[in-house]
Amino acid sequence: MIRETQVAMREQSAASRVRNFDEVPLGYTDEEAREEAARCLQCKKAPCVQGCPVEVDIPAFIGQTERGDFAAAAATIKRTNNLPAICGRVCPQETQCQGVCTLAKKFEPCGIGRLERFVADWEREHGAQAVEPPPSTGLRVAVVGAGPAGLTCAADLRMMGHEVTVFEALHEPGGVLMYGIPEFRLPKDVVNYEVDGLRRLGVDIALNMVVGKTITVDTLLSEGYGAVFVGSGAGLPRFLGIEGETLIGVYSANEFLTRVNLMRAWQFPEYDTPVKLGRHVAVVGGGNVAMDAARTALRLGAEHVSILYRRTRQEMPARVEEVHHAEEEGVDMQFLVNPVQLHGNDGVLAEAECLRMELGPPDDSGRRRPVPIEGSEFLLDVDTLIVAVGNQAHPLVPRTTSGLNVTRWGTLEADDDGVTTRKGVFAGGDIVTGAATVISAMGAGKKAAAAIHRHLAGG
Amino acid sequence: MHQILAKQALGPEIDEFQVEAPRVAQAAVPGQFVVVRLHDRGERVPLTLADWDAAAGTVTLVVQAVGKTTREMHERYDVGDGVLDVVGPLGEPSVLVHEGTVLCVAGGVGIAPMYPIARALKQEGVRVIGILGARSEDLLFWVDRMREVCDELVLTTDDGSVGRKALVTEPLAELLGAREVAHVWAVGPAVMMKFCSATCSKAGVPVTVSLNPIMVDGTGMCGACRAEVGDRVRFACVDGPEFPGDQVNWELLIARLAAYKEEERCALDRYRRMVREAAS
Ligand SMILES: Cc1cc2nc3c(=O)[nH]c(=O)nc-3n(C[C@H](O)[C@H](O)[C@H](O)COP(=O)(O)OP(=O)(O)OC[C@H]3O[C@@H](n4cnc5c(N)ncnc54)[C@H](O)[C@@H]3O)c2cc1C
Ligand code: FES
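Residue numbers here run from 1 along each chain, matching the order of that chain's written sequence. Chain letters and ligand numbers both follow the written order, the letters beginning at A and the numbers at 1. Local features are withheld for residues below a pLDDT of 70 in this predicted model, meaning they are given only at 70 or higher, and side-chain atom pairs are given and counted only at 80 or more; totals for whole chains, interfaces and linings count all residues. Hydrogens are left out, water is left out, and the side-chain values use all remaining heavy atoms of the structure.

## Describing the overall build of chain A
No. 1: The helix and strand tally for chain A stands at 17 helices and 18 strands.
No. 2: In terms of C-alpha radius of gyration, chain A reaches 23 Å, essentially the compact-globule figure of 23 Å for 459 residues.
No. 3: In terms of its C-alpha atoms, chain A occupies a principal-axis envelope of roughly 65 × 60 × 50 Å.
No. 4: Three exposure classes are used, based on accessible area relative to the maximum for each residue type with a 1.4 Å probe and protein chains only: buried under 20%, partly exposed in between, and exposed over 50%. Counting all 459 residues of chain A, 58% fall into the buried class.
No. 5: For every accessible area listed, the method is Shrake-Rupley and the probe measures 1.4 Å; residues are considered covered only by the protein chains on display. Taken as a whole, chain A presents about 18300 Å² of accessible surface, with 50% of it coming from carbon and sulfur.
No. 6: Averaging the locations of the 46 positively and 60 negatively charged side chains of chain A gives two centres separated by 4 Å. Here a helix means four or more residues in a row that DSSP labels H or I, a strand means two or more in a row labelled E, and each is numbered from the N terminus. For the radius of gyration, the atoms used are the C-alpha atoms, and the globule rule reads 2.2 Å times the number of residues raised to 0.38. Lys and Arg are tallied as positive, Asp and Glu as negative. Neither His nor the chain termini are counted. The location of each charge is read from NZ of Lys, CZ of Arg, CG of Asp or CD of Glu.

Okay, here's the thing in C-alpha cells:
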C-alpha cells in the first residue's frame, strides 16, 4: 500500500521561529527520507523530469535514496543541477515536478523537493565526492552576475573544459539567493557551500566588479574572452509611483531585504548596517518577495505586520508554502486592498491611504483585473511600508554594451539558447525573462552554456 | 583587499588616503564615487573620488570622521592596512562645460571631490574661479592644489581665520552679479548646496550639485538613495550623483540624510566603548 500523504517534515513551531532567523523546516532523517522515497512509482515516462527546467533524473535519485545510497543520489542530481540544496528549498515544486507527478492524480505528490533537499544536505554533512573538471580548452568565457543563472552557466562551461570568470557587482556571490531570500528560508551557509563547490571546480569569481562601470562587456570581449554570458538579473526595484513614497519609513523590498540579508542588519550593531523598522509594518504585494519581507519584519520585532494585496488569495504568485508559513506566524493578509497615497509627519511615514478593490474581467495575463471600489478610501496606521510589487531588468549592462537589443520592458532580447543580438554575447535568467524563478534562471544558464560551447567551437 | 599606500592628515579628523584600486583608477572620471566596505562586518559607504592615478593603480579618498565607519578609518586604518572592498567607479560622470567662466564652490570636505572637476574644466579651457569655504583655517585643505587648476581662488571661513569672514554664498552672489558666468558647480554639505543653488537660481545661472544621500549598494538595486529632482524620483547612485541644484528637493534630502541618526549614534557609542575597553 502506498502512503497517501507525504512524510511530514519537522519544523520550528510558529511561536518560537518568529523570534529567530533560523531555518523553519528542519529536514528529514535518513528513515523519513527513505519512507518518502518509497512512495515514488518509478514511472517509465517520468513526467516529473520533463517538469524540471534542468531535467534532474528524479526517479533515479529517488530510487537511490530509497535504497539508502545517498551519495549516489547526490551524484545523480549533480549531473544536471549544481545547486541542489538551494533548489530543494526554494523551487516552486508544486507547479513543476510535483505538479505533474503521477501520484498527484490520486494522492499527495511525491515530496521531490524535500528529497532533493535531504540528499543535498546529506552530502554537505558527509563531504562531497571531488569532481574533476576536464583538461582546459584554453578558451575563456566571462559571466556577468553570480546569481543562479550565471553560476549555473559558469559551472557547466567549466565542466566542458573552458576557463570561466564570473564578474559580480556585490561583495558576495549568489545574487538574490544572498541579498533577497532570507536566512530562515535559505541559510547563507548553504549558499556559500554550493558556491564554494563551483570554486573547487575551478570557476573564478571576481567580486566587486560592476560590469558597465568597472569594466564593460565590450572590453571583456576585446581582452580575450571568447564569449560573455549576461545573467545580471532583475535587480531594479519598482515603486508604486504614488505620493509620499519618498517619506522615511518607505522601503523597496530590495533595500529592506538587502540591509537584513546581505548586510546582516538583523545583527546590528555587531554588524554596522542598521535597518529602521516601526511597530506597524505594511508590505505591498503578493509574491515570494512580499512574504519574505513580511516574515523578516516579524522577526525583527514588528508588532503588527500586514500584507496588502490588490487581488485575492487565488491570484497570489507566492509559493503556497510561503503563504502558509506567513499566516502561521501571524502575518495579517489583507486582500483587495491597494495603497493610493502615503501621509507623513515631518517627513516620516504615518498613514497609508488605501482603496478597496474588486475583481473585474481578466487582463492580458489572464488574471482578473482588480478595480477600485469608489468611495472605499480608508486610512491605515503604518510607520513602515515595504514595496514588494516586483523588480525590473537591471539596466546597467544593456545600457553600456553596444549592439544589444532590449524589449520594451527593459529585458534583454535573447532566444531560448540565450543568443542575443550581439555576436558572442549570451544572456539568461531574470535579465531576459523579468523576475521569475531560481530554477528557470538555472535552466537558462544551462542552455546558454551549451550554446556558448558551440559558439566557441566555431558553430 | 585594497592596501592603503599613504595616509596624510589634512586637518583635525580629516585624512587623505591613497588606496590601491587599479581597476577603479583606470576607469574613473570626474564626478564619480566608490563604495567602500572596511571589513566583513562593515557597512557600504559611498566616498567621492578626490583623485586617481591610473598608472600607479591608486585612488585618493578624503575622509572626515563623522560616523562610525569614517571614525574607524581615521583612528584604525593606516599605511599597510587593507580595506576589504572598493567598488567603482560608480555614478555618472560630470557633464562638463566647454567655454566661458565657471564657478567651482566647495564647502568643507567637498573641496576633495571638487578638485578633479575643476581640473577637468580647466583642461576644457574654461576660466575657472574657485570659492573654497570652511568653518576655520585648520579645516581648509588643498588650497595649493586648487590654485593650480583655478584662474582665481577665493577663500572664506566662518570665523575669518583665513580669507574672508563669510559663507561661500557671499562671494558667489557677488561674482554672479559682477561677471558673465556660464555655470556653477557646488559641492559640500547639503545645506550649503541648497543655499548655493538658491543664489544661482536668483541670478539665473545653471548650477550642478553632487548629492550625498544614504546609500546601500550604490549600483541602482535598492532605492535607498532616492531623491526628488524636478518632478521625478531619481536614484542618486546611478542617475547622479550630480543633478541640477535648482531642481533638487532639499528638504527631503536633508530629512532623509538624518533618517538613521539614532542608529548611527548607537553604532558610534558602541565603537567608542570598544576602543576604550581595548585600551584599558
Ligand atoms: C526576495 C525574493 C524571494 C524570492 N523567492 C524565490 C523562491 O522562493 N523561489 C524561486 O524560484 N525564486 C524566487 N525568487 C526569484 C529568484 O530569486 C530569481 O528569479 C533568480 O534569482 C534569478 O536569477 P538570476 O541569476 O537571473 O539573477 P539574480 O539572482 O538577480 O542575480 C544577478 C546577479 O548579477 C549581479 N549583477 C547585476 N548587474 C551587474 C553588473 N552590471 N555587473 C556585475 N554583476 C551584476 C547582481 O548583483 C546579482 O548578483 C525570489 C526573488 C526575491 C527577490
Ligand atoms: S544606493 Fe541602492 S539604489 Fe542607490
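Now that the structure has been shown, we can carry on.
## Re the sheet that holds strand β3 (residues 140–144) of chain A
All names here are of chain A.
No. 1: One open sheet holds the 5 strands; their spatial order is β5-β4-β3-β6-β18, and the pairing between them is parallel. Looking at the sheet topology across the chains shown, the edges are occupied by β5 (204–206) and β18 (425–427). For this sheet the average axis-to-axis angle between neighbouring strands, irrespective of direction, equals 20°.
No. 2: Here, a strand pair is defined by DSSP locating no fewer than two bridges between the strands. Taken together, the 3 bridges between strand β6 (residues 227–230) and β18 define a ladder with parallel strand orientation. The partner of Val 230 across the bridge, within β18, is Ala 427.
No. 3: It only takes one pair of heavy atoms within 4.5 Å for two residues to be counted as in contact. Interaxial angles span 0 to 180 degrees and are taken between N-to-C directions of axes, which are lines fitted to C-alpha atoms, for helices over the stretch in contact. Set on the sheet, helix α17 (residues 438–456) makes contact with β3, β6 and β18; between it and β6 the angle comes to about 170°.

## Topic: the nonpolar core
No. 1: Core analysis: the largest hydrophobic core is formed by 77 residues, its most contacted members being Ile 58, Phe 61, Ile 62, Ile 86 and Ile 452 of chain A.
No. 2: Of the residues forming this core, the biggest block, 9 residues, is contributed by α17 of chain A.
No. 3: Those residues in contact with Ile 58 of chain A that sit more than four places away from it in its chain are Cys 48, Val 49, Cys 52, Cys 97 and Ile 112 of chain A.
No. 4: By convention a nonpolar core is built from buried Ala, Val, Leu, Ile, Met, Phe, Trp, Tyr and Cys residues, the set being connected through side-chain atoms within 4.5 Å. One finds Ala 282 of chain A together with Leu 103, Leu 175 and Met 215 of chain B within the second-largest nonpolar core, a separate group that totals 55 residues.

## Details of helix α14 (residues 320–329) of chain A
Within an α-helix, residues lying three or four positions from one another point in the same direction, as the helix has 3.6 residues per turn.
No. 1: Considered for burial, the residues of α14 of chain A that qualify are Glu 322, Val 323, His 325, Ala 326 and Glu 329 of chain A. On an axial view of α14 of chain A, the arc spanned by its buried residues comes to 165°, and they lie on one face. To be clear, the arc concerns the directions from the helix axis to the C-beta atoms.

## Overview of the sheet that holds strand β3 (residues 33–37) of chain B
Strands belonging to one sheet form pairs held by backbone hydrogen bonds; the direction of such a pair is parallel or antiparallel.
Residue and element names in this part refer to chain B.
No. 1: With respect to topology, 3 strands assemble into an open sheet ordered β4-β3-β8, the strand pairing being antiparallel. Sheet topology places β4 (45–48) and β8 (85–90) at the edges, where each strand pairs with a single neighbour. Averaged over all pairs of adjacent strands, the angle between strand axes in this sheet comes to 25°, irrespective of strand direction.

## Let's talk about the interface of chain A and chain B
No. 1: Listed by partner, the interface residues are 37 residues for chain A and 43 residues for chain B.
No. 2: Buried area between chain A and chain B, summed over both chains or domains, comes out near 3500 Å², and the portion from carbon and sulfur atoms is 55%.
No. 3: Buried area: the sum, over both parts, of the accessible surface (1.4 Å probe) that disappears when the two are put together. Looking at the side of chain A facing chain B, the largest losses of area belong to Lys 213, Thr 246 and Asp 272 of chain A, adding up to 21% of the total buried there.
No. 4: Counting residues per element, the ones that place at least two in the side of chain A that touches chain B are β7 (236–237), β8 (250–252) and α12 (253–262) of chain A.
No. 5: At 4 residues, α12 of chain A tops the list of elements feeding residues into the side of chain A that touches chain B.

## A look at helix α3 (residues 111–124) of chain B
All names here are of chain B.
No. 1: Each residue after the first adds 1.5 Å to the expected span of a helix. Here α3 contains 14 residues, and its C-alpha end-to-end distance of 20 Å stays within 8% of the 20 Å for a straight helix at 1.5 Å per residue.
No. 2: With respect to burial, α3 is a largely interior element, 10 of its 14 residues being buried.
No. 3: Every buried residue belonging to α3 is among Ile 111, Ala 112, Pro 113, Met 114, Tyr 115, Pro 116, Ile 117, Ala 118, Ala 120 and Leu 121, and all of these are buried.
No. 4: Just past α3, the residue Gly 125 takes up positive phi, approximately 95°.

## Some words on the side chain of Ser 136 of chain B
All names here are of chain B.
No. 1: Structurally, Ser 136 can be placed in the loop between β10 (127–134) and α4 (143–149).
No. 2: In this structure the side chain of Ser 136 is engaged in a polar contact, spanning 2.5 Å, whose partner is the side chain of Asp 138.
No. 3: Among all residues touching Ser 136, those that are not within four sequence positions of it are Thr 157, Asp 159 and Ser 161. Definition of a polar contact: a pair of N or O atoms within 3.5 Å, with one able to donate and the other able to accept a hydrogen when the atoms are protein atoms, and with sequence-neighbouring residues admitted only if both atoms are side-chain atoms.

## Points about the site of ligand 1
Residue and element names in this part refer to chain A.
No. 1: Note on definitions. A residue lies near a molecule or strand when any single heavy atom of the residue is within 4 Å of it. Close contacts around ligand 1 come from 36 residues, with Val 90, Glu 168, Arg 185, Val 211 and Asp 430 the closest.
No. 2: Separating an oxygen atom of ligand 1 from a backbone N or O atom of Pro 148 is a distance of 3.2 Å.
No. 3: Protein chains shield 96% of the accessible area of ligand 1, which is 1000 Å² for the free molecule.
No. 4: Of all the elements in the fold, those that place two or more residues in the shell around ligand 1 are α8 (148–159), α13 (288–299), α15 (396–400) and α17.
No. 5: If one sorts the elements of the shell around ligand 1 by residue count, α13 sits on top with 3 residues.
No. 6: Residues of the shell around ligand 1, tallied by class, amount to 21 nonpolar, 10 polar and 5 charged. Under this grouping Gly is polar, as are all residues other than the nonpolar Ala, Val, Leu, Ile, Met, Phe, Trp, Tyr, Cys and Pro and the charged Asp, Glu, Lys and Arg.

## Brief notes about the pattern of salt bridges
Residues and elements named next belong to chain B.
No. 1: By salt bridge we mean one thing: a side-chain nitrogen of Lys or Arg within 4 Å of a carboxyl oxygen of Asp or Glu. In total, this model carries 45 salt bridges over all chains according to the counting rule given.
No. 2: Between Glu 152 and Arg 127 there is a salt bridge whose closest N-O contact spans 2.8 Å. You can see Glu 152 sitting in strand β11 (residues 152–157) and its partner Arg 127 sitting in strand β10, a full 25 residues away along the chain.
No. 3: For Arg 127, a relative accessible area of 37% translates into the label partly exposed.

## Quick word on unusual backbone geometry
Most peptide bonds take the trans form, and the phi angle of most residues other than glycine is negative.
No. 1: Note the cis peptide between Phe 268 of chain A and Pro 269 of chain A, where omega equals 5°.
No. 2: Note that Pro 269 of chain A resides in the loop between α12 and β9 (280–284).
No. 3: Here the amide bond leading from Gly 88 of chain B into Pro 89 of chain B is cis, since omega sits at -5°, within 30 degrees of zero.
No. 4: Within the chain, Ala 46 of chain A stands out as a residue other than glycine whose phi angle is a positive 40°.
No. 5: With respect to the helices and strands, the residue Ala 46 of chain A is situated in the loop between α2 (30–37) and α3 (47–50).
No. 6: One non-glycine residue, Arg 264 of chain A, lies in positive phi territory at about 60°.
No. 7: Topologically, Arg 264 of chain A is positioned in the loop between α12 and β9.

## Regarding the state of the cysteines
Two cysteines whose sulfur atoms are joined by a covalent bond form what is called a disulfide.
Residue and element names in this part refer to chain A.
No. 1: Disulfide: a pair of cysteine sulfur atoms within 2.5 Å of each other. All told, the structure shown has 0 disulfides over all chains when counted by the stated rule.
No. 2: Note on Cys 153: no disulfide assigned, nearest cysteine sulfur contributed by Cys 87 at a separation of 16 Å.
No. 3: With relative accessibility at 0%, the residue Cys 153 sits in the buried group.

## Here's the deal with empty space enclosed by the protein
All names here are of chain A.
No. 1: In this analysis, the protein atoms alone were mapped onto a 1 Å grid. Cavities are point sets where a 1.4 Å probe fits without being able to get out; pockets are open sets with protein on both sides within 12 Å along at least five of seven lines; lining residues have an atom within 4 Å of a point. Grid points are joined across faces, edges and corners, and a volume is the space filled by probe spheres set on the points. Inspection of every chain in the model, using the stated rule, returns 3 cavities of 30 Å³ or more.
No. 2: Residue lining of the largest cavity: 17 residues in total, with Cys 52, Ile 58, Cys 91, Cys 97 and Glu 116 positioned closest to the centre.
No. 3: At the level of secondary structure, the elements contributing two or more residues to the lining of the largest cavity comprise α4 (58–66) and α7 (112–126).
No. 4: Tallying contributions element by element places α7 first for the lining of the largest cavity, with 3 residues.
No. 5: Class assignment for the residues of the lining of the largest cavity results in 11 nonpolar, 5 polar and 1 charged.

## Considering the packing of aromatic side chains
No. 1: Stacked, tilted and edge-to-face are the three classes assigned to paired rings of Phe, Tyr and Trp, where Trp is represented by its six-membered ring and a pair needs centres within 6.5 Å; plane angles under 30 degrees give stacked, over 60 edge-to-face, the rest tilted. This structure, assessed with the given rule, holds 9 aromatic pairs over all chains.
No. 2: Ring geometry for Phe 21 of chain A and Phe 184 of chain A: centres 6.2 Å apart, planes at 55°, overall tilted. One end of the pair, Phe 21 of chain A, is in the loop between α1 (14–17) and β2 (25–27); the other, Phe 184 of chain A, is in the loop between α9 (176–179) and α10 (188–201), and 163 residues separate them in sequence. Considered together, Phe 21 of chain A and Phe 184 of chain A belong to a single accessibility category, that of buried residues.
No. 3: Through successive ring pairs, a cluster of aromatic residues spans Phe 21, Phe 184 and Trp 266 of chain A.
No. 4: A ring has a charge above it when a Lys NZ or an Arg CZ is no more than 6 Å from the ring centre and no more than 35 degrees off the ring normal. Sitting over the face of the ring of Trp 52 of chain B, Arg 119 of chain B holds its NZ or CZ atom 5.9 Å from the ring centroid.

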